[in-house]
Amino acid sequence: MGASDIQQAQGLAREPVTMEYARFAAGLGYDALPEAVAAVAKDQILATIGSCLAGSRMPGAESLRRGSRILGSGEAATLFGLPEKVPAPAAALYNAGTGQIIEWDDWVLISHTGACVVPTAFATGEACRSSGRDVVTAVVIGNEVAGRTSRAIQRGAYLGNGMPNHQAEASLVAGHLMRLDPIALARSVSHSAYLAMENCFLGWASDSKVLVNGLPAMWGIVSANLAKEGLIGNLDMIEHPAGYLATVSEEVDHSELLKGLGQDWYTLTLNTKRYPSCAYNLAAIESAITLNERLGSEATRRIRKIVIQCPGVTIYVSGRYHGFEPDIRELIRDDKLSHMGLCFDAGYAVAAALVDGKLTYKQFLKERIFDPEVARLHGIVEYRTDPDMQKAYYKDYQYGSRVELHMEDGSVLHEERKQLLGARDRTFDHVEKFMEGAEDVLPHAQACEAAEALRSLEKVQDINEVGALLRPRNR
Amino acid sequence: MQDDTILGTGLRTLAQRWERNGYQLMSRRLEGALGREFRFECAGEPAMSLMLTAKTAAIGPADPAQPAYATIAMGPGDWKQVFSGKWSVMTVILGGRSNFPKHERRYIMQLSMLMQALLLLEA
């Protein structure tokens, strides 16, 4: 009886997932992408870069910029929204960080891919002078792999953006653009995933959280380069019982890992956030913006109580940081925490959107966080579980919420959304998001030019042409 | 004799609600919290246990000879917030006032979500 017979008998037979991903990444070309898949990937690139541009306005972005200089100098890749170019790993770290610093990202199936795969692909693409078609293909590779690895570990301890799966796809994205062969690609996954990065739940209330995709993006590029130079790695790191997924998750459903690869395109399940905040809060935010339009900002003073009806998971993420001592607002004021925890707090987002009629990066700056009326409204939010929304979320990923305003005169106003704007079944024009993100960063004409170039990436011969449009000219 | 401790009162309410409405909250992604015994500890009170199934909620004094799947321990003030539904167990954990051992995490999280969702479900 051979080793494989014994494995079969013990139910331990495993498909060679890492090598299959490596062959997929090495062999996929733009021409093999269905038109709809390429279109979604281009939308994803456009929207993610919009997020990065908006994120570049946050105080933490400047720290990322200055701090990552330790990674070296060199004119390789663009920091979106800044004039300079830096080495590709540093650019990936910065752009992945700004892409999530206000939680304005996206997800494929249940994996928040855009903020990892787009910065990784763009930075590597610039370093390799890749075409737009190759960058789009690399982004699709990232989505397809991340969608599957996230499904495989969905019954583990991590949810949503906490899914510790990006070390698998990041090196494949980079390695594809570096034209590594399948063995080198598999080795790159080994180097990328060997020190399996799980995130500490506590860090989601500080700027540390930007590293959840930033580190895999940066390290994925380094790993691909290590493999390119011949550093030997394991060829089965993803699926092995002592490998990556088994290290980061208590349960691994191996049947998800290769399901439909190359045929069933998970990229098509892209959900893009229209507003910066945790996905579970978006329907409530949209409802609050509509209520502001109906009422006007002055009327918020007559609100006595705000009730958010939603699935239990919205309540869970919204209230996680309400138990700090001193409380989260005081810790933010004293720079002991950043705004980040408020990106998960539906109550804060609803309060800010009711007062300001919008939710952008500005509502996560201290000036708005400590606005007395925003603070007052934040303090009068209550939550209720809506059983129908709970069922709809778990059955069909419907992220619904209803916001009720209980006014001083006893009247109750409400708005409800059954699904978030930007869901796969409720889309919006991603140019809107790019332009909003670019608003305070790029001159308008330059932003329009960049949006157009990103919309037609398949025509771009060298992605550096687009990178140049994402570095502000004199305004 | 009626148990009027914080844990006794809170868990009794939780159990009643679970048996009446818990079915409305269940999903495959949360079912890991079912069929496992959780030990609840509150300073100054006897420890109690909770085990949920799809339809039932069994509560009772914790058996020191019977190891629970996970132990959730916190102070009286925090338990009051948890049983009011205002906070989840995870809120207290992230506040640094309850432990979060790695091997117990995913089901503590699932139980935390279920408890709060249940307590904030309008009966």
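Residues numbered from 1 in each chain as written. Chains lettered and ligands numbered in written order. Predicted model: local features only at pLDDT ≥ 70, side-chain atom pairs only at ≥ 80, totals over all residues. Heavy atoms only, no water.

A. Spatial organisation of the sheet that holds strand 2 (residues 48-52) of chain B. Residue and element names in this part refer to chain B. With mixed pairing, four strands are arranged side by side in an open sheet as 3-2-1-4. Each end of this open sheet is capped by a strand with a single partner; those strands are strand 3 (57-61) and strand 4 (70-74). If you compare each strand with its neighbour and ignore which way they point, the axes differ by 20 degrees on average. Relative to strand 2, strand 1 (residues 37-42) runs antiparallel, the two sharing four bridges. Bridging from a neighbouring strand, phenylalanine 40 pairs with methionine 48 of strand 2. Along the sheet, helix 4 (residues 105-119) makes contact with strand 1, strand 2 and strand 4, crossing strand 1 at roughly 75 degrees. (Pairing = 2+ DSSP bridges. Helix = DSSP H or I, 4+ residues; strand = E, 2+ residues; numbered from the N terminus. Axes fitted to C-alpha atoms, helices over the stretch in contact; angles between N-to-C directions. Contact = heavy atoms within 4.5 Å.)

B. The arrangement of the pattern of salt bridges in detail. All names here are of chain A. Scanning the entire structure with this criterion turns up 43 salt bridges over all chains. A salt bridge links aspartate 31 to arginine 133; the shortest N-O distance between them is 2.5 Å. Here arginine 133 lies in helix 7 (residues 132-152) and aspartate 31 lies in the loop between helix 2 (17-27) and helix 3 (35-55), a separation of 102 residues in the sequence. For aspartate 31, a relative accessible area of 68% puts it in the exposed group. (Salt bridge = Lys/Arg side-chain N within 4 Å of Asp/Glu carboxyl O. Buried < 20%, exposed > 50% of the residue type's maximum accessible area, 1.4 Å probe, protein only.)

C. Just the packing of aromatic side chains, in detail. Residue and element names in this part refer to chain A. Summed over all chains, the structure comprises 17 aromatic pairs over all chains. Residues tyrosine 158 and phenylalanine 201 carry aromatic rings whose centres are separated by 5.7 Å and whose planes lie at 35 degrees to one another, so their mutual orientation is tilted. Of this pair, tyrosine 158 sits in the loop between helix 7 and helix 8 (166-177) while phenylalanine 201 sits in the loop between helix 9 (182-193) and helix 10 (211-228), and the two are 43 residues apart along the sequence. Taking relative accessible area as the criterion, phenylalanine 201 reaches 11% and is therefore assigned buried. Between tyrosine 280 and tyrosine 393, the ring centres sit 5.5 Å apart and the planes meet at 80 degrees, which makes this aromatic pair edge-to-face. In this pair, tyrosine 280 is assigned in the loop between strand 4 (271-272) and helix 12 (282-295) and tyrosine 393 in helix 18 (residues 387-396), connecting sequence segments 113 residues apart. Tyrosine 280 sits in the buried class, given a relative accessible area of 11%. (Phe/Tyr/Trp six-rings, centres within 6.5 Å; stacked < 30°, edge-to-face > 60°.)

D. The arrangement of the interface of chain B and chain A in detail. Facing 27 residues of chain B, the contacting portion of chain A comprises 32 residues. When chain B packs against chain A, close to 2800 Å² is buried across both sides, 54% of that on carbon and sulfur atoms. If you sort the residues of chain B by the area they bury against chain A, Arg29, Leu94 and Arg106 of chain B come out on top, with a joint share of 28%. Note that glutamate 325 of chain A and arginine 97 of chain B form a salt bridge whose closest N and O atoms lie 3.7 Å from each other. Take the side of chain B that touches chain A: its biggest share by element is eight residues, from helix 4 of chain B. Class assignment for the residues of the side of chain B that touches chain A results in 12 nonpolar, seven polar and eight charged. (Buried area = accessible area lost by both parts, 1.4 Å probe. Nonpolar A, V, L, I, M, F, W, Y, C, P; charged D, E, K, R; others polar.)

E. Spatial organisation of the pairing of strand 8 (residues 412-417) of chain A. All names here are of chain A. Relative to strand 8, strand 7 (residues 401-407) runs antiparallel, the two sharing six bridges. Bridging from a neighbouring strand, glutamate 404 pairs with histidine 414 of strand 8. Between strand 7 and strand 8, which pair antiparallel in sequence order, lie four residues; one of them, glycine 410, sits at a positive phi of approximately 95 degrees.

F. Representation of the nonpolar core in the model. In this structure, Ile49, Ile306, Phe434, Leu454 and Leu470 of chain A together with Phe40 and Trp79 of chain B are the most contacted members of the largest nonpolar core, which totals 201 residues. It is helix 4 of chain B that provides the largest number of residues to this core, a total of 10 residues. Residues within four places of phenylalanine 434 of chain A in sequence aside, it is in contact with Leu46, Ile49, Gly50, Leu53, Ala447, Ala450, Ala451, Leu454 and Leu470 of chain A. (Core = buried A, V, L, I, M, F, W, Y, C linked by side-chain atoms within 4.5 Å.)

G. How the structure looks around empty space enclosed by the protein. Residue and element names in this part refer to chain A. Taken as a whole, this structure holds two cavities of 30 Å³ or more when the rule is applied. Quantified by volume, the largest cavity comes out at close to 310 Å³. Leu159, Gly160, Asn161, Gly162 and Tyr280 are, among the 27 residues lining the largest cavity, the residues nearest its centre. Partitioned by chemical class, the residues of the lining of the largest cavity number 18 nonpolar, five polar and four charged. Estimates place the volume of the second largest cavity at around 170 Å³. (1 Å grid on protein atoms, 1.4 Å probe; cavity = no way out; pocket = protein on both sides within 12 Å on 5 of 7 lines; lining within 4 Å. Points joined across faces, edges and corners; volume = space filled by probe spheres on them.)

H. The arrangement of the packing of helix 1 (residues 6-21) of chain B against helix 4 of chain B in detail. Residues and elements named next belong to chain B. Running from amino to carboxyl end, helix 1 crosses helix 4 at an angle of 85 degrees, the nearest separation of the two axes being 10 Å. In terms of their interaxial angle, helix 1 and helix 4 are classed as roughly perpendicular. Only Leu114, Met115, Leu118 and Leu119 of helix 4 make contact with helix 1, whose side of the interface consists of Leu14, Arg17, Trp18 and Asn21. Looking at side-chain class alone, the contact of helix 1 with helix 4 contains six nonpolar, one polar and one charged residues. (Parallel < 35°, antiparallel > 145°, perpendicular 65-115°, else oblique.)

I. Fine view of helix 10 of chain A. Residues and elements named next belong to chain A. In a regular helix each residue adds 1.5 Å, so 18 residues correspond to 26 Å; helix 10 covers 25 Å between its end C-alpha atoms and thus fits that length. Regarding helix 10, the residues found buried are Val212, Asn213, Gly214, Pro216, Ala217, Met218, Gly220, Ile221, Ser223, Ala224 and Ala227. Buried-residue contacts for helix 10 involve helix 5 (88-98), helix 6 (114-128), helix 8 and helix 9. Note on helix 10: the residue one or two positions beyond its end, glycine 230, has a positive phi of about 100 degrees. (Expected span 1.5 Å × (residues − 1).)

J. Inspection of the side chain of asparagine 292 of chain A at higher detail. Residues and elements named next belong to chain A. Within the secondary structure, asparagine 292 sits in helix 12. With relative accessibility at 11%, the residue asparagine 292 sits in the buried group. Not counting chain neighbours up to four residues away, the residues in contact with asparagine 292 comprise Ser297, Ala353, Leu354, Val355, Asp356 and Gly357.

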